[in-house]
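Chain by chain, the residues:
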Number of protein chains: 2
Amino acid sequence: MTERVTLAQGNGGRRMRELIAQVFVTAFGAAAPDTRVDAAIVGDPGGPLVLTTDGFTVQPLEFPGGDLGALAVHGSLNDLAVAGAEPRYLTLGVILEEGFEIEVLRRLVASFAREAAAANVRLVAGDTKVVPRGHGGGAYFTVTAAGVLARPGLTPAAPRPGDRLLVSGPLGDHGVAVMLAREDFGMSGDVRSDCAPVLGLCRALWPLPGLRFTRDPTRGGLAGVTHEIATACGHGIRLVDDSIPIRDQTRVICEMLGFDALTLACEGRVIAVVACDEAPRALRRWRNLPSGRDAAIIGTIVAGASTVVLETPLGGERIIEELDDDPLPRIC
Amino acid sequence: MTERVTLAQGNGGRRMRELIAQVFVTAFGAAAPDTRVDAAIVGDPGGPLVLTTDGFTVQPLEFPGGDLGALAVHGSLNDLAVAGAEPRYLTLGVILEEGFEIEVLRRLVASFAREAAAANVRLVAGDTKVVPRGHGGGAYFTVTAAGVLARPGLTPAAPRPGDRLLVSGPLGDHGVAVMLAREDFGMSGDVRSDCAPVLGLCRALWPLPGLRFTRDPTRGGLAGVTHEIATACGHGIRLVDDSIPIRDQTRVICEMLGFDALTLACEGRVIAVVACDEAPRALRRWRNLPSGRDAAIIGTIVAGASTVVLETPLGGERIIEELDDDPLPRIC
């Protein structure tokens, strides 16, 4: 096979079959989908089906703590988990740019296969297209994940005044890790992406009757999620600055570069809204998990207008706005 | 809103919500998915689930007989139909290039919404990413379709010697229409894409016990599909040149440009393999449908090596190869 992707590898003929066999089927091994069919019969899910889709266009394609392949798996499966679903199936649509290195593609696909296997989720359908040089960013993955509803009733409209907001770990690491890896800033650091599955964190809270809503703070970060909740439930949110876990290094880099960590993406954290009396229990459950060691209660749902307010350490208040005209693309 | 796509419209903040509300939600109207959730609970499919995924990178984005939006719906739903499934749900992942015209996007999304509604299929989840100028081809759509198995047992391994191959209509129109629309050839013509649903054609054959396999000849065309069948079932295929429906204009353009119509993509045709004694019945059923008016029996499965042979009008024979190094990208 060639060392770089060619247009002929997208033509539906022999070169495409070779690419799929030698890169994709090889990476998935026994778990590879049947490449002879255009649609996969996956059987009866045995419960209410939950579907989600996400495009992944991160740049660079490999960064400390993750890569496009791992991000595509976690980003998709995490959307199911926070919706209260157990993931079952994945589909993968790949758009490759002519000239892209096959060796890098192999690494990204191997990473995807490894994370899917670790999550016990099956890739059931795939598609590969090749676009001419200058019409792509190397590789884009679009993933759809299908699961079965395990914890119904989670909606951003459910939170009520008095409910507590929890976060499962430090914010902003993914966004900072990807931006530093881009080398536009001439800086480097030890910050690694938090890219990881959140299903365990979600499952830990599903038994709590007072669990109202969970969401992973990806694009738009905590600012985005809190605005979504406030808008949907019709109440305000007060966050306590001191209580929000952010790693020192992430905080320093954000200050140097002028970013607000509250708007930066995470890819392995969960924001949960829990009834006041069950919040301590939820916190304990999270802190008992390795991925929830740094979990914290960070705020409260309050009656009144749908605004998000941050209480600062000196007793001040700052209105938290969601991202506006900031171009912070391709962190996912 | 701006007239062209900006990077901020992919940042997960206010600009992105505006884009989604004003372009996507507007186009789908009452059928728009709930944009407040990251995953859609679609309920129990009530039967074996069938999943398929496809990326659409066609260039130009609008061409005689179709556009990216219509192609994305038909291409995905047709993969379910030929697999024996009734389509139910769609997801749509959009990758937009910075600077892409919002007005063109509106047209493509409106087309997607119109065709999905006509097919009685619901868009349940979506995602939008924006990549920097020079990293995309304007717009790429990746669609996953989910359906319920209605006609089990269709596999490319099923055909047996003596079975007949049928095609539902003229070949190659989509490929030719898209290539002419690209204006690289300084030619124009009246050829329109055959881009259309094939569910009706598939349903018409499902009751036949002798139906072995159906497939839509998209990338790779009839040559690709026949090779897949021959390889999977372990038998040969003989096609009769005279019997293969190809429009005169498509044939002339193929001859002028040096393309083989048997390798060109269709987006609204079906190839079916049917037991010999049921082939005439299958043909009648197709010809009774407007989309199957020009259907024909075009070949036979034969014992022996897995090769595909074309019998020419003068009694000669030509081995049909699948596409090899030909770069024929972006016709879908």
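A quick note: this is a predicted structure, and the numbers were derived from the prediction, not measured. (Residues numbered from 1 in each chain as written. Chains lettered and ligands numbered in written order. Predicted model: local features only at pLDDT ≥ 70, side-chain atom pairs only at ≥ 80, totals over all residues. Heavy atoms only, no water.)

### A look at the sheet that holds strand E8 (residues 164-167) of chain A
All names here are of chain A. Rules: Strand pairing is defined by DSSP finding a minimum of two bridges between the two strands. Secondary structure elements are defined from DSSP: runs of H or I of at least 4 residues count as helices, runs of E of at least 2 residues count as strands, and each element is numbered from the N terminus. Axis angles are defined between N-to-C directions and span 0 to 180 degrees, where every axis is a line fitted to C-alpha atoms and, for a helix, only to the segment in contact. Contacts are assigned to residue pairs with any non-hydrogen atoms lying within 4.5 Å of each other.
Reading across from one edge, E9-E11-E8-E12-E10-E13-E14 is the order of the seven strands in this open sheet, with mixed pairing throughout. Taken across any chain shown, the strands that pair with only one partner, and hence form the sheet edges, are strand E9 (211-215) and strand E14 (317-319). Within the sheet, the average angular offset between the axes of one strand and its neighbour, ignoring direction, is 25°. Here E8 runs beside strand E12 (residues 296-302); their pairing, made up of four bridges, is antiparallel. The residue of E12 that forms the bridge with Leu165 is Gly299. Sitting on the sheet, helix H6 (residues 221-233) touches E8, E9, strand E10 (236-240), strand E11 (271-274), E12 and strand E13 (308-311), and the angle it makes with E10 is about 150°.

### Remarks on the packing of helix H1 (residues 14-28) of chain A against helix H3 (residues 102-118) of chain A
Residues and elements named next belong to chain A. What counts, and what does not: A crossing counts as left-handed when the near helix is turned anticlockwise from the far one by less than a right angle, and as right-handed when that turn is clockwise. Charged residues are taken to be Asp, Glu, Lys and Arg, nonpolar residues to be Ala, Val, Leu, Ile, Met, Phe, Trp, Tyr, Cys and Pro, and polar residues to be all remaining types, Gly included.
Orientation of H1 relative to H3, taken along the N-to-C sense of each, is 35°, at an axis distance of 8 Å. When you trace H1 past H3, the crossing you get is right-handed. Residues Leu19, Gln22, Val23, Phe24, Ala27 and Phe28 of H1 pack against Ile102, Leu105, Arg106, Val109, Ala110, Phe112 and Ala113 of H3. Tallied by class, residues from the contact of H1 with H3 come to 11 nonpolar, one polar and one charged.

### Description of unusual backbone geometry
Residues and elements named next belong to chain A. Cis geometry is adopted by the peptide bond preceding Pro60, which originates at Gln59 and carries an omega value of 0°. Tracing the chain through its elements places Pro60 in the loop between strand E2 (49-56) and strand E3 (62-63). Unlike most non-glycine residues, Asn120 shows phi in positive territory, near 60°. If you trace the backbone, Asn120 turns up in the loop between H3 and strand E6 (122-131).

### Examining the pattern of salt bridges
To keep things clear, this is the line we draw: Definition used for salt bridges: Asp or Glu carboxyl oxygen within 4 Å of a side-chain nitrogen of Lys or Arg. Exposure is judged per residue with a 1.4 Å probe applied to protein chains only, and the accessible area is read against the type maximum: over 50% gives exposed, under 20% gives buried, and values in between give partly exposed.
For the structure on display, the rule yields 42 salt bridges over all chains. Here Arg219 of chain A makes a salt bridge to Asp127 of chain B, at a shortest N to O gap of 2.9 Å. Taken as a pair, Arg219 of chain A in the loop between E9 and H6 and Asp127 of chain B in strand E6 (residues 122-131) lie in two separate chains rather than in one. Relative accessible area serves as the criterion here: at 15%, Arg219 of chain A is assigned to the buried category. Under the relative-accessibility criterion, Asp127 of chain B is labelled buried at 8%. The partner of Arg17 of chain B in a salt bridge is Glu322 of chain A, with the nearest N and O atoms 2.1 Å apart. Of the two residues, Arg17 of chain B sits in helix H1 (residues 14-28) while Glu322 of chain A sits in the segment after E14, which places them in two different chains.

### Structural notes on the side chain of Asp127 of chain A
Inclusion rule: Identification of polar contacts relies on pairs of N or O atoms within 3.5 Å, with a donor-acceptor requirement for protein atoms, meaning one able to donate a hydrogen and the other able to accept it, and with residues adjacent in sequence counted only if both atoms are side-chain atoms.
Polar contacts involving the side chain of Asp127 of chain A include one to the main-chain amide nitrogen of Gly55 of chain B, which spans 2.7 Å. A distance of 2.9 Å separates the side chain of Asp127 of chain A from the side chain of Arg219 of chain B, its partner in a polar contact. Look past the residues within four positions of Asp127 of chain A in its chain and what remains in contact with it is Leu92, Gly93 and Val94 of chain A together with Thr53, Asp54, Gly55 and Arg219 of chain B.

### With respect to the sheet that holds strand E12 (residues 296-302) of chain B
Residues and elements named next belong to chain B. Strand order in the open sheet made by the seven strands is E9-E11-E8-E12-E10-E13-E14, with mixed pairing throughout. For this open sheet the edge positions go to strand E9 (211-215) and strand E14 (317-319), each flanked by a neighbour on one side alone. Neighbouring strand axes in the sheet, compared pairwise and without regard to direction, differ in orientation by 25° on average. Relative to strand E11 (residues 271-274), E9 is paired through four bridges, and the arrangement is antiparallel. Residue Thr214 lies in a different strand from E11, and its bridge partner there is Ala272. Sitting on the sheet, helix H8 (residues 279-287) is in contact with strand E8 (164-167), E11 and E12, with an inclination near 5° to E8.

### A closer look at the nonpolar core
When a protein is soluble and globular, its nonpolar side chains tend to lie buried together. Keep this limit in mind: Side-chain atoms within 4.5 Å are what join buried Ala, Val, Leu, Ile, Met, Phe, Trp, Tyr and Cys residues into a set we call a nonpolar core.
Of all hydrophobic cores here, the largest spans 83 residues; its most connected members are Leu90, Phe100, Phe112, Phe141, Leu239 and Ile244 of chain A. Looking at this core, the element that brings in the most residues is H3 of chain A, giving eight residues. Residues Phe141, Leu180, Leu222 and Ile271 of chain B belong to the second largest nonpolar core, which totals 80 residues.

### Topic: the pairing of E10 of chain A
All names here are of chain A. As paired elements, E10 and E12 share four bridges and run antiparallel to each other. Paired with Gly236 across the bridge in E12 is Val302. For E10 and E13, the ladder comprises four bridges, and the chain directions are parallel. Bridged to Val240 within E13 is Glu311.

### Remarks on the relation of the copies chain B and chain A
Defined as follows: Fitting of the copies onto one another was done by least squares over C-alpha atoms, counting residues only where both copies have pLDDT of at least 70.
Between chain B and chain A, which share one sequence, the superposing operator has a rotation angle of 180° and an axial displacement of 0.0 Å; the RMSD is 0.0 Å. Both chain copies can therefore be described as sitting about a two-fold axis. A share of 100% of the interface residues of chain B reappears at the interface of chain A, consistent with the copies meeting face to face through the same patch.

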